[in-house]
Amino acid sequence: QRANRAFADMIGDPDPASVVGKRIADVLPALSDAPGAEAEERSVLSEGKPVLDVVREYWRSGNRHWLSETKAPIRDADGRVVGLVGISRDVTGRVKTEEALRESEKRLREQTRVLNSILDGMGEGVIAVGLRGEVLLFNRRAQQILDAPPCEEFPSDWLGLHRVRHSDGKTPIKADQDPLRRAM
């Protein structure tokens, strides 16, 4: 039975030997799910099945941290479970990055919703094309003007596929007056 220096440092205990034989709730009192962690350990000992990469929140020095825990049975020569080995990694950086990404995606979805609402309410057709020629945006009015759904074609192919129409939606614009041709 032993605990290593890295684990002792992570939990703020200067002596790894002082951790041996203690329950998780005693070693990490600020662990948000100490009862769940102890139940997992009992399960590993009784069933002999490992538990992989369970992320738990805990508080240390007033700061929020996350540990990734992996636990596996230790077996004797006859295959009986005689103990368990646990590996805990501080994954605070990973969790914070995932949270920041989720928040960024949420803001992007909201901004996209607002932008699409504005663009769909406009009387003008709006098509945005990326540097590689891919269609980034194709509003409803553009669909009506071109009499086409949002397309996967590259803009360079549009000239042969679509005819721009006057505001009546029926009369095609002459090729020399076609704003799509002029823009290209």
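Everything discussed here concerns the structure shown above.
Below: a short report on this structure. Given the structure is predicted, the values throughout are model-derived calculations rather than measurements.

The strand order across the open sheet formed by 3 strands is β1-β2-β3, and the pairing between neighbours is antiparallel. Because the sheet does not close on itself, it has two edges, and the strands there are β1 (51-60) and β3 (81-90). Strand-to-strand twist in this sheet, taken as the mean axis angle between neighbours without regard to direction, amounts to 30 degrees. Of the strands in this sheet, β1, β2 (63-75) and β3 are in contact with helix α3 (residues 34-47), which crosses β2 at around 15 degrees.

On the secondary structure map, Glu38 appears in helix α3. Assessed through its relative accessible area of 12%, Glu38 is described here as buried. Residues in contact with Glu38, not counting those within four places in the same chain, are Arg23, Ile24 and Ala25.

In this structure, the largest pocket encloses a volume near 940 Å³. Along its surface, the largest pocket is lined by 29 residues, and Arg2, Glu41, Leu84, Val85 and Gly86 are the ones closest to its centre. Of all the elements in the fold, those that place two or more residues in the lining of the largest pocket are α1 (5-11), α2 (24-27), α3, β2 and β3. In terms of residues, the lining of the largest pocket owes the most to one element, β3, which gives 7 residues. Tallied by class, residues from the lining of the largest pocket come to 16 nonpolar, 7 polar and 6 charged.

So, on to the side chain of Thr70. On the secondary structure map, Thr70 appears in strand β2. Among the residues examined, Thr70 registers a relative accessible area of 16% and is labelled buried. For Thr70, the side chain forms a polar contact with the main-chain nitrogen of Asp53, separated by 3.1 Å.

On to the pattern of salt bridges. In this structure the tally under the stated criterion is 13 salt bridges. In this structure, Glu41 engages Lys71 in a salt bridge whose closest nitrogen and oxygen atoms are separated by 3.5 Å. On the criterion of sequence distance, the pair formed by Glu41 in helix α3 and Lys71 in strand β2 is long-range, its members being 30 residues apart. An identical accessibility class is assigned to Glu41 and Lys71; each is buried. Because the salt bridges share partners, they merge into one network encompassing Glu40, Glu41, Arg56, Glu69 and Lys71.

For the rest of this paragraph, the subject is the environment of Asp168. Relative to the helices and strands, Asp168 is located in the loop between α6 (155-161) and α7 (179-183). Classification of Asp168 by relative accessible area gives partly exposed; the value is 47%. Separated by 23 residues in sequence, Asp168 and Ile145 place their C-alpha atoms 9.3 Å apart.

A word on a nonpolar patch on the surface. Nonpolar side chains collect at one region of the surface, where Ile74, Val82, Val85 and Ile87 lie side by side and expose about 330 Å² of accessible area between them. The greatest single-element share of the nonpolar patch, amounting to 3 residues, is contributed by β3. Along the chain, Val85 turns up in strand β3. Taking the relative accessible area as the measure of exposure, Val85 reaches 41% and is therefore partly exposed.

To continue, consider helix α4 (residues 92-121). An ideal rise of 1.5 Å per residue puts 44 Å on 30 residues; α4 measures up with 44 Å between its terminal C-alpha atoms. Within α4, the full set of buried residues consists of Thr92, Val95 and Leu119. Buried residues belonging to α4 abut β1, β2, β3 and β5 (135-138).

Parameters and conventions
- Residues numbered from 1 in each chain as written.
- Predicted model: local features only at pLDDT ≥ 70, side-chain atom pairs only at ≥ 80, totals over all residues.
- Heavy atoms only, no water.
- Pairing = 2+ DSSP bridges.
- Helix = DSSP H or I, 4+ residues; strand = E, 2+ residues; numbered from the N terminus.
- Axes fitted to C-alpha atoms, helices over the stretch in contact; angles between N-to-C directions.
- Contact = heavy atoms within 4.5 Å.
- Buried < 20%, exposed > 50% of the residue type's maximum accessible area, 1.4 Å probe, protein only.
- 1 Å grid on protein atoms, 1.4 Å probe; cavity = no way out; pocket = protein on both sides within 12 Å on 5 of 7 lines; lining within 4 Å.
- Points joined across faces, edges and corners; volume = space filled by probe spheres on them.
- Nonpolar A, V, L, I, M, F, W, Y, C, P; charged D, E, K, R; others polar.
- Polar contact = N/O pair within 3.5 Å; in protein donor to acceptor, adjacent residues only side chain to side chain.
- Salt bridge = Lys/Arg side-chain N within 4 Å of Asp/Glu carboxyl O.
- Patch = residues over 30% accessible without salt bridge, like charges linked within 9 Å, V, L, I, M, F, W, Y side chains within 5 Å.
- Areas by Shrake-Rupley, 256 points an atom, 1.4 Å probe, with all protein chains shown as cover.
- Expected span 1.5 Å × (residues − 1).

Keep in mind these values describe shape, not function.
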